[in-house]
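Chain residues, written in single-letter form:
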Amino acid sequence: MEYDLSKLGIEKDLHYECITTTLSKNGIRNAEAFSLVYLGKGNVHCQIFEGSKTLKNILDTKEYAVNITQDPLVFTYATLDCLGDEYYAEDDGMAIIKDTPSYIIVDVEDIEVKTPEDIPIKSDNNIYLIYGKIRKVVINDESVKAYNRGMSGLIEGLVNLSRYKIVDDAKRQEYMAKLIENQRIIEKVSDKKTKNAMAKLMAEYEKN
Ligand SMILES: Cc1cc2nc3c(=O)[nH]c(=O)nc-3n(C[C@H](O)[C@H](O)[C@H](O)COP(=O)(O)O)c2cc1C
């Protein structure tokens, strides 16, 4: 089935930072931040490193929920593994984030195990490519917009441009390194418009 996830601010093949909620075999809830990619025709994809609770729960239960939110505390508490019970609700036998602007429940269809490539860290841990089908989409807030981190990197580069022109060499190298890293991220996660904007910004840095 085709889903129009543009209502959630989600475009096909781009990456969005979301909160993934899962249940263990024993029904213990877990929430963590992970990237989601919509592949079209109801198919979604995420990549999870070996060793996380989320991965174990997904391997055991073959289902998960993706909560679309831009709540800074939900991201932080989920990442620091201290999201309290009051943040959870339940739907369709799944743990979800209470009052989240939107959520997607996913049935896992296929899992591939790979050695990691194209990531900025060295790790011996395998990465699990998880392919699933959307079971259900719920929108609680029509203004929902999934978070794409390309925009954060672009804005940081724009802010630093005026500083880049006036600082010493060591600081310039620091700004350039950040810009190169943000360009790498944008190439991986963002839309054409953001990639185009970043290319223009990079050219401007190179002139100075
Ligand atoms: C915004 C954000 C996005 C993340 N995306 C991923 C991802 O796509 N894949 C991954 O393996 N880890 C990702 N992480 C790191 C995991 O959240 C982290 O490994 C976490 O400790 C796993 O927790 P768990 O053991 O409760 O599942 C991300 C972290 C943040 C803050």
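The structure this text deals with has already been given above.
So, a few notes on the structure that sits alongside this text. (Residues numbered from 1 in each chain as written. Predicted model: local features only at pLDDT ≥ 70, side-chain atom pairs only at ≥ 80, totals over all residues.)

## Observations concerning the sheet that holds strand β3 (residues 43–49)
Here's step 1: Spatially, the six strands close up into a barrel ordered β1-β2-β3-β8-β7-β4, and their pairing is antiparallel. Ignoring which end each strand starts from, the neighbouring axes of this sheet average 45 degrees apart.
Here's step 2: In this sheet, strand β8 (residues 127–139) lies alongside β3 in antiparallel orientation, the contact comprising seven bridges. Bridge pairing in β8 links Ile48 to Tyr128.
Here's step 3: Against the sheet, helix α1 (residues 53–61) touches β1 (15–23), β2 (29–40), β3, β4 (63–68), β7 (102–114) and β8, its axis set at about 65 degrees to β1. (Pairing = 2+ DSSP bridges. Helix = DSSP H or I, 4+ residues; strand = E, 2+ residues; numbered from the N terminus. Axes fitted to C-alpha atoms, helices over the stretch in contact; angles between N-to-C directions. Contact = placed C-beta atoms within 7 Å.)

## Let's talk about the site of the ligand
Here's step 1: In the vicinity of the ligand lie 15 residues, with Ala33, Ser35, Ser52, Lys53 and Thr54 positioned nearest.
Here's step 2: Where the shell around the ligand is concerned, the elements lending two or more residues are β2, β3 and α1.
Here's step 3: The biggest single contributor to the shell around the ligand is β2, with five residues.
Here's step 4: Residue classes in the shell around the ligand are distributed as five nonpolar, six polar and four charged. (Near = placed C-beta within 6 Å. Nonpolar A, V, L, I, M, F, W, Y, C, P; charged D, E, K, R; others polar.)

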